[in-house]
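This is what each chain is made of:
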Amino acid sequence: MNDVPEGGNGRPMPNNAPAQNGHVYIYNKTRETFVATEATVADSYVRRLVGLLGKTKRWAQLGRGLWIVPSRGVHTIGMLFPIDLIFLSKEKEVVHVEEHVRPFRISAVSLRAMSVVELPAHTIYRTGTQVGDRLEITRFHK
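Computed from a predicted structure; not experimentally measured.

Cut-offs and rules
- Counting from 1, residues in each chain are numbered in the order their sequence is written.
- Since the coordinates come from a predicted model, pLDDT governs what is reported: local features require at least 70, and pairs of side-chain atoms require 80 or more to be given and counted, while whole-chain, interface and lining totals use all residues.
- With hydrogens and water excluded, all non-hydrogen atoms of the structure serve as input to the side-chain values.
- Strands here mean DSSP runs of E at least two residues long; helices mean DSSP runs of H or I at least four residues long; both are numbered from the N terminus.
- Between buried and exposed lies partly exposed: a residue is buried under 20% and exposed over 50% of the maximum accessible area for its type, with that area taken using a 1.4 Å probe on protein chains only.
- Residue contacts are counted whenever heavy atoms from the two residues lie within 4.5 Å of one another.
- All accessible-area figures derive from a Shrake-Rupley calculation using a 1.4 Å probe, and residue coverage is judged against the displayed protein chains alone.
- Stacked, edge-to-face and tilted are the three classes for Phe, Tyr and Trp ring pairs, Trp counted by its six-membered ring, which pair at centre distances within 6.5 Å; planes under 30 degrees apart are stacked, over 60 edge-to-face, the rest tilted.
- By definition here, a salt bridge exists when the distance from a side-chain nitrogen of Lys or Arg to a carboxyl oxygen of Asp or Glu is within 4 Å.
- Here, any two strands with at least 2 DSSP bridges between them count as paired.

## Some thoughts on the overall build of the chain
Now for step 1: Counting its secondary structure elements, the chain contains two helices and seven strands.
Now for step 2: Its helices and strands taken in sequence order, the chain reads β-β-α-β-β-β-β-α-β from the N to the C terminus.
Now for step 3: For the chain, the residues scored as buried account for 45% of the 142 residues in total.
Now for step 4: Here the analysis covers contacts within the chain between residues at least 6 apart in sequence; of these, 67% occur between residues at least 24 apart.
Now for step 5: Total accessible area on the chain is roughly 7,800 Å²; 53% of this is exposed by carbon and sulfur atoms.

Here's what the structure looks like:
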């Protein structure tokens, strides 16, 4: 698996850069399980601002996710369903997790985090993801 997604100009992107305008999959290398098979990247101001706002509970299907880069914390104000949160360091090590965060809440802020993955509720439990796990985030090629 390749942890260096290809950029829009055909050149490899840096190891910590998100895949622009596309989907990524998120694999927990420590637990050998997929966390998300179709995650969207929120790497611009507008995408990070909007996040999952306006999404219905239908969004929260197995395999979905939203990778917010950069981010050290999120809120669920205006959301209609609970989510799980995985906070990642620059090296994509899990530094904090929050399970079943209900709507109209504010997450913890992690100074060690460089990005946050928003997932359907119960994903952390289902995948066994824990602090210290190493994740791989790779561009989804169709």
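## Looking at the packing of aromatic side chains
Now for step 1: Within this structure, the stated rule accounts for three aromatic pairs.
Now for step 2: Summarising the aromatic geometry, the rings of Tyr 25 and Phe 34 are spaced 5.7 Å apart at their centres and angled 65 degrees between planes, so their arrangement reads as edge-to-face.
Now for step 3: Measuring from ring centre to ring centre gives 5.9 Å for Trp 59 and Phe 81, while their planes differ by 25 degrees; the resulting arrangement is stacked. Highlighted residues: Trp 59 in the loop between helix H1 (45–50) and strand S3 (64–68) and Phe 81 in the loop between S3 and strand S4 (83–88), separated in sequence by 22 residues. Just as Trp 59 is buried, Phe 81 falls in that class too.

## Overview of the pattern of salt bridges
Now for step 1: Enumeration according to the criterion identifies three salt bridges in this entry.
Now for step 2: The salt bridge involving Asp 43 is made with Arg 47; its shortest N-O contact spans 3.0 Å.
Now for step 3: Residue classification places Arg 47 among the partly exposed residues on the basis of a relative accessible area of 35%.
Now for step 4: Between Glu 93 and Arg 134 there is a salt bridge, and its shortest N-O distance comes to 3.4 Å. Separated by 41 residues along the polypeptide, Glu 93 in the loop between S4 and strand S5 (94–101) and Arg 134 in the loop between helix H2 (123–127) and strand S7 (135–139) bring together distant segments of the chain.

## Regarding the pairing of S5
Now for step 1: In this sheet, S5 lies alongside S4 in antiparallel orientation, the contact comprising five bridges. Its bridge partner being in S5, Leu 85 is matched across the sheet by Glu 98.
Now for step 2: The loop that links S4 with its antiparallel partner S5 comprises five residues; one of these, Lys 92, has a positive phi angle of about 65 degrees.

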